Structure formats: structure tokens, C-alpha cells
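These are the residues of each chain, in order.
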Number of protein chains: 4
Amino acid sequence: MSEDVRDPARVVAISDGVIAIAATLLVLEIRPPADTEHLLHGLLALWPSYLAYAVTFMLVGQVWANHHVMFDHIRHADRMILFLNTVLLMDIAFLPFAASVLADAFRDGHGERTAVVMHGLVFFLAAALFNLIWWHARHHLLSNNINPAGVRAIGRRFQLALLWLGTATILGGLLPVLGVAVFAAFIAFYWLPISGELGFTGPRRTA
Amino acid sequence: MSEDVRDPARVVAISDGVIAIAATLLVLEIRPPADTEHLLHGLLALWPSYLAYAVTFMLVGQVWANHHVMFDHIRHADRMILFLNTVLLMDIAFLPFAASVLADAFRDGHGERTAVVMHGLVFFLAAALFNLIWWHARHHLLSNNINPAGVRAIGRRFQLALLWLGTATILGGLLPVLGVAVFAAFIAFYWLPISGELGFTGPRRTA
Amino acid sequence: MSEDVRDPARVVAISDGVIAIAATLLVLEIRPPADTEHLLHGLLALWPSYLAYAVTFMLVGQVWANHHVMFDHIRHADRMILFLNTVLLMDIAFLPFAASVLADAFRDGHGERTAVVMHGLVFFLAAALFNLIWWHARHHLLSNNINPAGVRAIGRRFQLALLWLGTATILGGLLPVLGVAVFAAFIAFYWLPISGELGFTGPRRTA
Amino acid sequence: MSEDVRDPARVVAISDGVIAIAATLLVLEIRPPADTEHLLHGLLALWPSYLAYAVTFMLVGQVWANHHVMFDHIRHADRMILFLNTVLLMDIAFLPFAASVLADAFRDGHGERTAVVMHGLVFFLAAALFNLIWWHARHHLLSNNINPAGVRAIGRRFQLALLWLGTATILGGLLPVLGVAVFAAFIAFYWLPISGELGFTGPRRTA
């Protein structure tokens with residue numbers, strides 16, 4: 001590894017790969033009903049798995065989108081960014097397990113608190129790593145196509161995510177259903193357009 | 001996420017990734033026969049799994065091809081497109097489960113109606129999302145390399161898919177084998193070239 | 001899907017994705033020994049799984065390399081190429097199942113003939129599809145960077161693969177160990193450089 | 001396959017794919033606790049799985065980074081490089097199995113020596129293949145953007161990895177916990193920046 005690594009394109013490519021695979025592996029944790037004689041009943045009883053699948057998949061979709069927002073503005077990927085990004089990918093790749101535990105707990109009616117907290121912690125850690133990477137990058141690794149207001153806007157957005165996901169995790173430890181609801185609200189909030197939130201200058205290449 | 005996202009190249013890349021992974025995961029739902037003493041018999045008894053595998057894989061191949069047709073002409077990927085595309089990927093990534101349920105039902109001789117309807121609904125939802133994305137994009141997000149006749153031709157094709165897959169799903173609810181046959185006919189129809197169906201102008205980069 | 005599709009780059013990208021995933025999924029079919037008290041013994045007893053893994057992985061590596069050789073020279077990917085390539089990917093993606101059946105048969109000492117023949121047929125079908133794609137492409141879809149001698153050389157190579165893999169499959173139906181040996185010899189043959197085999201002109205970009 | 005293959009871009013692409021998939025599949029080997037009544041207890045008892053997951057994932061991250069360091073400087077990928085790289089990918093793709101065996105052994109308190117040695121051998125083989133590829137490439141396949149000092153620096157780094165991982169494997173055969181600790185120290189060593197270690201000239205594109 002060079003000490004002065006530059007092009008983040010490959011970091012983005014491998015990250016996209018891991019994120020896409022982690023999202024697609026989520027389905028493997030949903031086991032088809034063994035009893036096909038009452039298949040409709042068995043499929044309906046799997047609602048916690050569908051819920052865990054949908055919430056996790058949509059959150060991963062946001063992780064992906066925000067990862068691109070971040071790396072669109074990172075010109076140099078130094079060793080610290082590589083390291084933090086690898087930890088981020090390790091965290092994201094853990095989601096199929098967390099989603100499976102979440103579904104099992106709601107299906108059995110036991111351990112929902114534990115499951116919601118663990119599932120939430122994975123996303124909370126992801127948000128923390130986004131903040132760390134951005135905090136590390138913003139001093140001397142950013143490209144010229146973003147002004148200080150844009151840097152702060154993205155920073156605020158990542159801090160908000162940290163706060164929101166942390167709150168959802170804590171609430172989930174008290175009342176699991178409430179925690180899941182706050183996570184779902186976060187998905188809606190992040191996908192809806194927010195007027196004036198971001199003030200980029202320069203070419204906007206985000207997708 | 002920027003409010004004015006532009007380059008759909010990354011959307012296409014992540015979509016290709018999820019589609020490729022979902023298709024390749026289909027095989028994991030086929031469990032090798034436990035009894036190797038009568039291996040040929042056991043392998044032949046898995047015919048419903050092979051059928052579910054082949055029908056689903058070929059349909060996913062068409063989803064992939066049509067996704068490229070669509071995004072070849074989308075110049076801007078706004079927030080709504082990103083959202084709808086993420087829901088589309090969530091739907092496609094669900095297919096290994098649906099195919100597994102389908103195979104189990106035909107193997108056991110129970111629940112075929114339920115299984116065919118669920119499997120069909122996943123593709124029907126995909127077709128509906130294609131129509132939504134195209135309907136949303138066609139007003140102000142398309143590139144210049146397509147004329148109004150081309151836009152309408154693609155739109156008609158997506159509407160036909162919605163109608164065909166919806167019909168197959170309903171028929172499958174009445175007579176499962178008939179539903180599967182209509183799905184299989186759709187595969188043949190979409191792969192065969194259809195003279196004059198599409199009237200693109202400008203460079204044709206579709207693949 | 002356009003009737004006149006041109007750029008095969010995306011076909012190559014999705015094919016690389018499916019091939020990489022199929023190869024990497026092979027390992028999921030190797031189940032860790034349940035009894036850790038005699039772990040070394042249990043690991044050694046899995047030798048048929050390691051053999052099936054290695055033979056299949058190396059053959060998939062050759063499929064990948066030859067897929068690039070072929071598509072390096074295909075300038076247009078028409079609808080028929082798309083269709084045949086999708087069937088090829090469906091065949092390759094089936095390999096984790098075939099490798100698992102092969103390992104189970106050798107582990108149990110039952111059904112080796114059936115398993116070797118099925119495993120061989122998957123590769124035989126892949127070779128047949130390579131020949132079909134090349135046969136279809138060679139008349140009017142090739143790029144200018146290959147001369148007739150090069151076209152014939154690649155064609156001969158694909159025909160040889162068809163013959164070799166077909167022979168290995170038939171021999172495996174008679175004497176399973178012999179079939180596996182002939183497959184292994186094919187791997188060695190294809191990886192070793194063969195002087196004068198290929199007579200490309202123009203830029204050689206193959207990798 | 002051409003006898004004189006040149007562009008390593010595709011080799012890098014397929015390698016990135018296999019590495020990303022292998023890393024992301026690691027999570028599938030962690031089975032959620034069956035007993036949700038004592039979920040927290042069950043989740044904590046899975047610590048060997050988390051450890052195996054984290055150590056293996058971070059090591060794979062280094063394999064990925066070093067693979068790019070190496071191929072950044074390889075201008076031609078000849079047949080031997082293709083072959084050695086395929087064996088390397090076969091080795092990396094085996095890691096989900098090795099990590100699973102490692103976790104099982106520490107969970108059960110049996111077979112830790114065997115498991116640590118097998119897990120270590122997979123990484124030792126990877127290091128050996130890095131050395132072989134670099135040794136083969138350095139004579140006539142390197143690009144001009146590296147000087148002899150840089151070539152030797154990378155070579156020394158790969159030799160160090162071979163020595164370190166070999167030592168960790170041997171120590172693990174004597175005292176499993178010590179082996180794991182030496183592997184973990186290797187992760188820390190490789191991610192930390194090392195002043196003056198590498199003396200590249202020319203464009204530094206490594207990421």
C-alpha cells in the first residue's frame with residue numbers, strides 16, 4: 001500500500017460491490033415455510049422477515065447513496081480512509097446476520113429488545129464511521145468542487161443520521177416497536193427531498 | 001444525497017450488481033439430494049427446482065436487458081428515480097425466496113396456487129416499477145437520443161409486460177400450470193426480435 | 001431491448017459478475033465438520049469437496065478467460081447473442097449445485113457416475129454455447145482486429161473443448177475417476193501456453 | 001486465450017469481484033441463535049464467530065489493497081499471471097469455509113490448533129502466490145512508473161507477509177490463541193502507515 005494513495009475510484013468500486021452483495025444476501029435469511037400444505041398461512045407468518053428485509057434493504061440503499069455523496073468529494077484516499085472504509089464495509093456486510101436475528105425475535109416474540117438494539121447498533125456504527133471519514137477527509141483530502149458550506153451541510157446531515165439512529169437504537173431498547181418505527185421514519189426522511197439542505201457548488205455528479 | 005443528481009451510470013452499476021447476484025443466488029435454493037444411493041432418481045425428482053430456476057433466471061435476464069434499455073435514455077437520475085430503483089432492486093433481490101417457494105410447492109404438490117401468485121407478484125411489481133420510473137422520467141429526465149415515438153414504444157412495451165405478467169399471475173391463481181406456461185411464453189416473446197417495435201433515433205447503445 | 005444492440009461491454013460486465021459470484025459461491029457447498037473433537041479427521045474426510053471445488057473453480061476460471069477472448073472480438077451483441085449468453089450464464093450459475101452433488105457422491109461412495117455425468121454436462125453445455133455464440137457471431141458481428149485465421153483458430157479451440165469435455169463426460173459415465181482425470185487434464189491443457197495455436201492480428205487486448 | 005495478453009484491467013476487475021464476494025459471504029457462516037428466549041446470551045456466545053469474521057474480513061481487506069498495489073505496476077498479464085491469479089482467487093474464495101471452521105473450534109473448545117493452522121495456511125498460500133506473481137512479473141511485465149527500489153520495496157513487503165503469516169500459522173499450531181494474536185498484530189501493522197517503506201516514483205494511483 002502506498003503511503004500517499006490518491007484515486008478513490010477503486011475504493012468506491014469495491015464498496016459498491018460489498019454493499020450490493022450484502023443487500024442481496026439479506027434474502028437468504030428468509031427460510032421458505034417447511035409446511036406447504038398451509039403455504040399461505042406459512043408465508044404470512046413470515047411477516048417479521050419481510051419487515052426486517054425491507055427496512056434493512058432500504059437503509060442499505062441510503063448507505064450506498066450517501067457513500068457516493070461522500071466519495072464524490074474525496075479526492076485523495078489515504079491509508080486512514082482505506083482503513084475506516086474497510087471497517088465500514090465489515091459493518092455493512094454484517095447486516096444479513098443482524099436482520100436475521102431481528103426477524104427471529106419478532107417471529108418468536110422473544111428478545112425483540114436485544115435484536116432491535118443490535119440491528120440499530122450496526123447502523124449507528126455505520127453512521128459513526130461516515131462521520132469519522134468525513135471529519136478526517138474535510139481538512140485536506142477534498143476536491144475543489146465543493147465549498148465550505150457544502151462540506152458543513154454534508155457534515156450536519158451525517159451528524160443528524162448519527163443522532164437519529166442512536167435515538168432509534170435507545171428507544172428500541174425500551175420499546176422495540178417504537179425503535180423500528182423511528183428507523184422507518186428515518187428511511188422516509190432521507191428519501192424525501194429536503195429543500196435547501198445541501199449547498200453544493202461545482203459539478204454535481206452525485207448518483 | 002444531492003437534490004439534483006445527474007449521472008445514472010452508478011445507478012446502473014449497482015443495479016447490475018444486485019441483478020447479477022440475485023440471479024446467481026437462485027441456485028442456492030436447490031438442495032442436493034440427501035440420498036446418494038439413488039442419486040439419479042433424486043436428481044430427477046428435483047425437476048420443479050430446475051423449472052423454477054430456469055424460468056426465474058431467464059426472466060431476470062430480461063429485467064436486466066430492459067433496465068439497460070430504460071437507463072440508456074435517462075440522462076438525470078433524480079431522487080425519485082433513485083428511490084423507485086431501490087424498491088425495484090429490493091423486489092428483484094427477493095426472487096431467490098419466491099423461486100424456492102415455487103419449487104417447494106410443485107415438489108410437494110401443495111400450495112401451487114399460492115406459490116405461483118407470489119412468484120408472479122414479484123415480477124408484476126417489477127413491471128409496475130418499470131412503468132413508474134419510465135412515466136416519471138419521460139417528461140424531463142430523458143436524453144436527446146430518443147424521439148417521442150421511441151419513448152412511446154418503450155412505454156407500450158412496459159405496459160404490455162405489466163398486462164402479461166398480471167394476467168399470468170391471475171391465471172396462476174386459478175390453474176397454476178397455466179400461469180407458469182404464460183410466464184414461459186412471456187420469456188419467449190421478449191427474447192424473440194419484434195419487427196418495428198422500437199423506433200429509436202440517435203445512437204443505439206443498448207446491450 | 002433494441003433490435004440492433006451494439007456495445008457488448010455491458011454483456012461482458014454482467015457476465016463477469018455472474019461468473020465471479022458462481023465461482024465464489026462454490027465454497028458454500030462445503031459444510032464444516034459438525035464434530036470438532038476430531039476436527040483434523042473431519043477436515044480430511046472432506047477431500048471430495050475440496051476436489052470438486054478446485055476442479056470446478058479452475059474450469060470456471062477458463063470459462064471466464066475464454067469468454068473475454070470471444071467478446072474481445074465481438075463488435076455487435078445482437079438479440080441472439082444476448083439470449084445465448086443468458087443461457088450460458090444460467091448454465092454457469094448452476095455449477096455450485098453440480099459441484100455439491102459431485103462432492104456428495106464421492107464422499108458417500110454412491111452415485112459417482114451420475115454425479116460426474118451431470119457435472120460434465122454443465123461444462124459440455126457451456127462449451128456448446130461458446131460454439132453457438134462464435135458460430136453466430138463470426139459472419140457479421142466481429143470487429144476488425146481479427147483475421148480469418150484467428151477466427152478459425154478460436155473456433156477450433158472451442159470445438160476441441162466441446163470434444164474434450166464431451167469425452168470426459170462419457171468416460172465419467174463409465175469410470176467416474178477417469179472422467180475426473182480427463183477434466184483435470186483439460187484444465188492443465190488450457191492453462192499451459194500452446195505455441196502457434198492462435199494467430200491474432202491487430203491489437204491483442206485479451207486478459 | 002491469447003499467448004500475449006496485455007491489459008490487466010479485467011484481471012483486476014474479476015479479482016475485485018471475487019474478493020468482495022468472499023468477504024461478504026463470511027457473514028453467512030454466523031448462524032443466528034436458535035433460542036431467542038435468551039437471545040442476549042446466545043449472541044454473546046457467538047464471540048468466536050465475530051472474532052473469526054473480523055480477523056478474516058480485515059485480512060481480506062489487506063489482500064485487496066495489496067492486490068491493487070501489485071497490479072498497479074503490472075503492465076502485461078501473461079498466461080502465467082492469469083493462472084497464478086486464478087489460484088489466488090480460489091484460495092481467497094475458500095476463506096468463508098476456513099473462518100467457519102475457526103469459529104466452530106473456538107466455540108466448542110476443540111480442534112483450535114487444527115482450525116488456526118488451516119485458516120493460517122489459506123493466508124500463507126495467498127502470501128506465497130503474491131510473491132510468485134511479483135517474482136514472475138518483475139523481470140519483464142512491469143510498467144515504467146516504478147523504479148528498481150520500488151520493485152524491491154514491494155517484494156520485501158510481500159516476503160515479510162509470507163514470513164509473518166507463516167510464523168503465525170506455526171505458533172497457532174502450538175498455542176492457538178497466540179497464533180490468532182500474531183494474525184491480529186499483522187492486521188494492525190499493515191494498516192498503520194510505515195514511513196519510508198515504499199519508494200515509488202511516477203504517478204501513484206494506488207487505492
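Because the structure is a prediction, the values reported are computed rather than measured.

## Observations regarding the overall build of chain A
So, point 1. Tallying secondary structure elements over chain A gives eight helices and zero strands in all.
So, point 2. Listing the helices and strands of chain A from first to last along the sequence gives α-α-α-α-α-α-α-α.
So, point 3. Looking at chain A as a whole, 63% of its 207 residues qualify as buried.
So, point 4. Restricting to contacts in chain A with at least 6 residues of sequence separation, those with at least 24 account for 80%.

## Looking at the layout of surface pockets
A water-sized probe rolled over the atoms picks out the places where empty space is left.
So, point 1. Roughly 1200 Å³ of internal volume is contained in the largest pocket.
So, point 2. Along the lines of polarity and charge, the residues of the lining of the largest pocket split into 26 nonpolar, seven polar and eleven charged.

## Here we look at a positive patch on the surface
So, point 1. On the surface, a cluster of positive charge is contributed by A:R31, B:R31, C:R31 and D:R31.
So, point 2. Looking at the element boundaries, C:R31 is found in the loop between α1 (9–25) and α2 (39–44).
So, point 3. Residue C:R31 is classed as partly exposed on the basis of its relative accessible area of 47%.

## A closer look at the UniProt feature "transmembrane region" (unreviewed entry) in chain A
Residue and element names in this part refer to chain A.
So, point 1. In the numbering used here, UniProt assigns the "transmembrane region" (unreviewed entry) feature to residues 12–30, 50–69, 81–103, 115–135 and 162–192.
So, point 2. For residues 12–30, the helix share is 74%, the strand share is 0%, and the end-to-end C-alpha distance is 29 Å.
So, point 3. Strand forms 0% of residues 50–69 and helix 100%; the C-alpha atoms that close the span are 29 Å apart.

## Let's talk about the confidence of the model for chain A
So, point 1. The predicted model of chain A has a mean per-residue pLDDT of 87, with 89% of residues at 70 or higher.
So, point 2. Per-residue pLDDT stays below 50 along residues 194–207 of chain A; that stretch engages in 48 contacts with residues further than four places along the chain or on separate chains.

## Looking at the side chain of D:E29
So, point 1. Of note, D:E29 is situated in the loop between α1 (9–25) and α2 (39–44).
So, point 2. As a buried residue without a salt bridge, D:E29 has its nearest oppositely charged side chain in C:R31, at a separation of 4.5 Å.

## Focus on the packing of aromatic side chains
So, point 1. Summed over the entire model, instances satisfying the criterion amount to 36 aromatic pairs over all chains.
So, point 2. Note on A:W164 and A:F189: the rings are 4.9 Å apart at their centroids and 35° apart in plane angle, and the pair reads as tilted. With A:W164 in helix α7 (residues 148–174) and A:F189 in helix α8 (residues 176–191), this residue pair connects regions lying 25 residues apart in the sequence.
So, point 3. Centre to centre, the rings of B:W134 and B:F158 are 6.2 Å apart; their planes meet at 80°, and the pair counts as edge-to-face. Here the residue B:W134 occupies a position in helix α6 (residues 112–137), and B:F158 occupies one in helix α7 (residues 148–174), the gap between them amounting to 24 residues.
So, point 4. The exposure class of B:W134 is buried, given its relative accessible area of 2%.
So, point 5. Its relative accessible area of 3% is what places B:F158 among the buried residues.
So, point 6. By the ring-pair criterion, three or more aromatic residues cluster together here, those being A:Y50, A:Y53, A:F57, B:F94 and B:F97.

## Section: the packing of helix α1 (residues 9–25) of chain B against helix α3 (residues 47–71) of chain B
Residues and elements named next belong to chain B.
So, point 1. For the pair α1 and α3, interaxial distance at closest approach is 10 Å and the crossing angle is 175°. With respect to α3, the axis of α1 lies roughly antiparallel. Seen from α1, the contacting residues are V11, V12, S15, D16, I19 and A23; seen from α3, they are F57, V60, V63, W64, H67, H68 and F71.
So, point 2. Of the residues in the contact of α1 with α3, the class split is nine nonpolar, three polar and one charged.

## A short note on a nonpolar patch on the surface
So, point 1. There is a patch of nonpolar side chains on the surface, built from A:I170, A:L174, A:L175 and A:L178 and spanning about 410 Å² of accessible area.
So, point 2. Turning to its location among the elements, A:L174 is positioned in helix α7.

## With respect to the environment of C:L141
Residue and element names in this part refer to chain C.
So, point 1. Here L141 is to be found in the loop between α6 (112–137) and α7 (148–174).
So, point 2. Overall, L141 belongs to the buried group, its relative accessible area being 5%.
So, point 3. Taking the C-alpha atoms as reference, L141 lies 5.1 Å from H76; in sequence the two are 65 residues apart.
So, point 4. Those residues in contact with L141 that lie beyond four places of it in its chain are H73, I74, R75, H76, D78, I81 and H136.

## A look at the pattern of salt bridges
So, point 1. Scanning the model with the defined rule gives twelve salt bridges over all chains in all.
So, point 2. When the shortest N-O distance is used, the salt bridge between C:R10 and B:D72 registers 2.5 Å. Here the residue C:R10 occupies a position in helix α1, and B:D72 occupies one in the loop between α3 and α4 (79–92), the pair thus bridging two chains.
So, point 3. When its relative accessible area of 23% is taken as the criterion, C:R10 is described as partly exposed.

## Section: the packing of helix α6 (residues 112–137) of chain A against α7(A)
Residue and element names in this part refer to chain A.
So, point 1. Where α6 contacts α7, the two axes come as close as 8 Å, and the packing angle between them is 165°. Considered as vectors, α6 and α7 are oriented roughly antiparallel to each other. Relative to α7, α6 is oriented so that their crossing is left-handed.
So, point 2. Its residues assigned to classes, the contact of α6 with α7 shows 16 nonpolar, eight polar and one charged.

Here is what the cut-offs are and how they apply
Residues numbered from 1 in each chain as written. Chains lettered and ligands numbered in written order. Predicted model: local features only at pLDDT ≥ 70, side-chain atom pairs only at ≥ 80, totals over all residues. Heavy atoms only, no water. Helix = DSSP H or I, 4+ residues; strand = E, 2+ residues; numbered from the N terminus. Buried < 20%, exposed > 50% of the residue type's maximum accessible area, 1.4 Å probe, protein only. Contact = heavy atoms within 4.5 Å. 1 Å grid on protein atoms, 1.4 Å probe; cavity = no way out; pocket = protein on both sides within 12 Å on 5 of 7 lines; lining within 4 Å. Points joined across faces, edges and corners; volume = space filled by probe spheres on them. Nonpolar A, V, L, I, M, F, W, Y, C, P; charged D, E, K, R; others polar. Patch = residues over 30% accessible without salt bridge, like charges linked within 9 Å, V, L, I, M, F, W, Y side chains within 5 Å. Areas by Shrake-Rupley, 256 points an atom, 1.4 Å probe, with all protein chains shown as cover. Salt bridge = Lys/Arg side-chain N within 4 Å of Asp/Glu carboxyl O. Lys, Arg positive; Asp, Glu negative; His and termini not counted. Charge placed at Lys NZ, Arg CZ, Asp CG, Glu CD. UniProt positions renumbered as here; feature names shortened; annotations may be inferred. pLDDT = per-residue confidence, 0-100. Phe/Tyr/Trp six-rings, centres within 6.5 Å; stacked < 30°, edge-to-face > 60°. Axes fitted to C-alpha atoms, helices over the stretch in contact; angles between N-to-C directions. Parallel < 35°, antiparallel > 145°, perpendicular 65-115°, else oblique. Left-handed = near helix turned anticlockwise from the far one by under 90°.

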